Amino acid sequence: INRESVNVRSIPDQVHIWAENFYQNVFADDDFKLRENDYVFANHKFGGNAQYLRKDRWLHHTTFLWEFNSKNMSYLKIPAKAPKYRSGRDHSDFLCNLSQRFTHKNLLFERMRIQLAQTFDVKSVGIEEVIPLLDIEHRKATKIIEAKRHC
């Protein structure tokens, strides 16, 4: 997002505040908030994020947890670096599924679409219109470097 598009400077805290306000309308729930960089309902995490910040632009990437199998969570260790509000809880007590809050993924997608349309100039297009864009020359941040091994 370009800074002038939403009047938010490329500073982590300001981007987080903007994102929290954006998602507040999507989740429309009193216990939704951004807490220590996590998206939570009360004390239960359902999303995380990462940011890419430049002088006059930024990208806020969010990952939401739709559903998980509690048995699989028992295989994971509690990370050494964890938010304070986690309070040492294991994954099954710390995380929550969005599927518990929405009857169907499409309801979440529709709320997201509405919020995007209220915030930005959005144009819906089909996949057939997007595929050709992949072939257009664009800025690439990833470079493949061939490393030769010297013995």
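It should be noted that the structure appears before, not after, this text.
Anyway, here's the lowdown on the structure attached to this text. In this text the structure is predicted, and so the values were computed from the model without any measurement.

## Section: the environment of Met 112
Then, number 1: Positionally, Met 112 belongs in helix 5 (residues 105-119).
Then, number 2: When its relative accessible area of 18% is taken as the criterion, Met 112 is described as buried.
Then, number 3: Spatially, the C-alpha atom of Met 112 lies 8.9 Å from that of Phe 27, the residues being 85 residues apart in sequence.

## Thoughts on the pattern of salt bridges
Then, number 1: Here the structure, examined in full by the defined rule, presents four salt bridges.
Then, number 2: Taking the shortest distance from any N to any O, the salt bridge between Arg 101 and Asp 31 comes out at 3.4 Å. Of this pair, Arg 101 sits in the loop between helix 4 (91-94) and helix 5 while Asp 31 is found in the loop between helix 2 (12-27) and strand 1 (32-35), placing the two residues 70 residues apart along the sequence.
Then, number 3: The salt bridge involving Arg 113 is made with Glu 110; its shortest N-O contact spans 2.7 Å. Taken together, the positions of Arg 113 and Glu 110, both in helix 5 and three residues apart, correspond to about one turn of that helix.
Then, number 4: According to the relative accessible area criterion, Glu 110 is partly exposed, its value standing at 34%.

## So, the pairing of strand 2 (residues 38-41)
Then, number 1: Residue alternation in strand 2 divides its side chains into two sets, Asp 38 and Val 40 and Tyr 39 and Phe 41, and both sets are buried.
Then, number 2: Bridge count for strand 1 against strand 2 is four bridges, and the pairing is antiparallel. Its bridge partner being in strand 2, Phe 32 is matched across the sheet by Phe 41.
Then, number 3: Once strand 1 ends, the chain turns through two residues before running back antiparallel as strand 2, passing Glu 36 with a positive phi of about 50°.

## Describing the nonpolar core
Then, number 1: Counting residues in hydrophobic clusters, the biggest one holds 21 residues, and the most contacted among them are Tyr 23, Phe 27, Phe 46 and Leu 98.
Then, number 2: Contributions of two or more residues to this core are made by helix 2, strand 1, strand 2 and helix 5.
Then, number 3: Once residues within four sequence positions are removed from consideration, Tyr 23 is found in contact with Phe 32, Tyr 39, Thr 62, Phe 64 and Met 112.
Then, number 4: Of all hydrophobic cores here, the second largest spans six residues; its members include Val 40, Phe 68, Met 73 and Phe 94.

## Focus: the sheet that holds strand 1
Then, number 1: On the basis of which strands lie adjacent, the open sheet formed by four strands has the order 1-2-3-4 and antiparallel pairing. Each edge of the sheet is formed by a strand with only one pairing partner; in this case those strands are strand 1 and strand 4 (58-64). Each strand of the sheet is rotated relative to its neighbour by a mean of 25°, with strand direction disregarded.
Then, number 2: Lying over the sheet, helix 2 contacts strand 1, strand 2, strand 3 (44-53) and strand 4, oriented at roughly 45° with respect to strand 4.

## Side note on the environment of Arg 89
Then, number 1: Structurally, the position occupied by Arg 89 is in the loop between helix 3 (70-73) and helix 4.
Then, number 2: Since its relative accessible area comes to 19%, Arg 89 is described here as buried.
Then, number 3: Each C-alpha atom of the pair Arg 89 and Gly 47 lies 17 Å from the other, and the pair is 42 residues apart in sequence.
Then, number 4: Not counting chain neighbours up to four residues away, the residues in contact with Arg 89 comprise Asn 43, His 44, Ile 78 and Phe 94.
Then, number 5: One polar contact links the side chain of Arg 89 to the main-chain carbonyl oxygen of Asn 43, over a distance of 2.7 Å.

Analysis parameters
- Residues numbered from 1 in each chain as written.
- Predicted model: local features only at pLDDT ≥ 70, side-chain atom pairs only at ≥ 80, totals over all residues.
- Heavy atoms only, no water.
- Helix = DSSP H or I, 4+ residues; strand = E, 2+ residues; numbered from the N terminus.
- Buried < 20%, exposed > 50% of the residue type's maximum accessible area, 1.4 Å probe, protein only.
- Salt bridge = Lys/Arg side-chain N within 4 Å of Asp/Glu carboxyl O.
- Pairing = 2+ DSSP bridges.
- Core = buried A, V, L, I, M, F, W, Y, C linked by side-chain atoms within 4.5 Å.
- Contact = heavy atoms within 4.5 Å.
- Axes fitted to C-alpha atoms, helices over the stretch in contact; angles between N-to-C directions.
- Polar contact = N/O pair within 3.5 Å; in protein donor to acceptor, adjacent residues only side chain to side chain.

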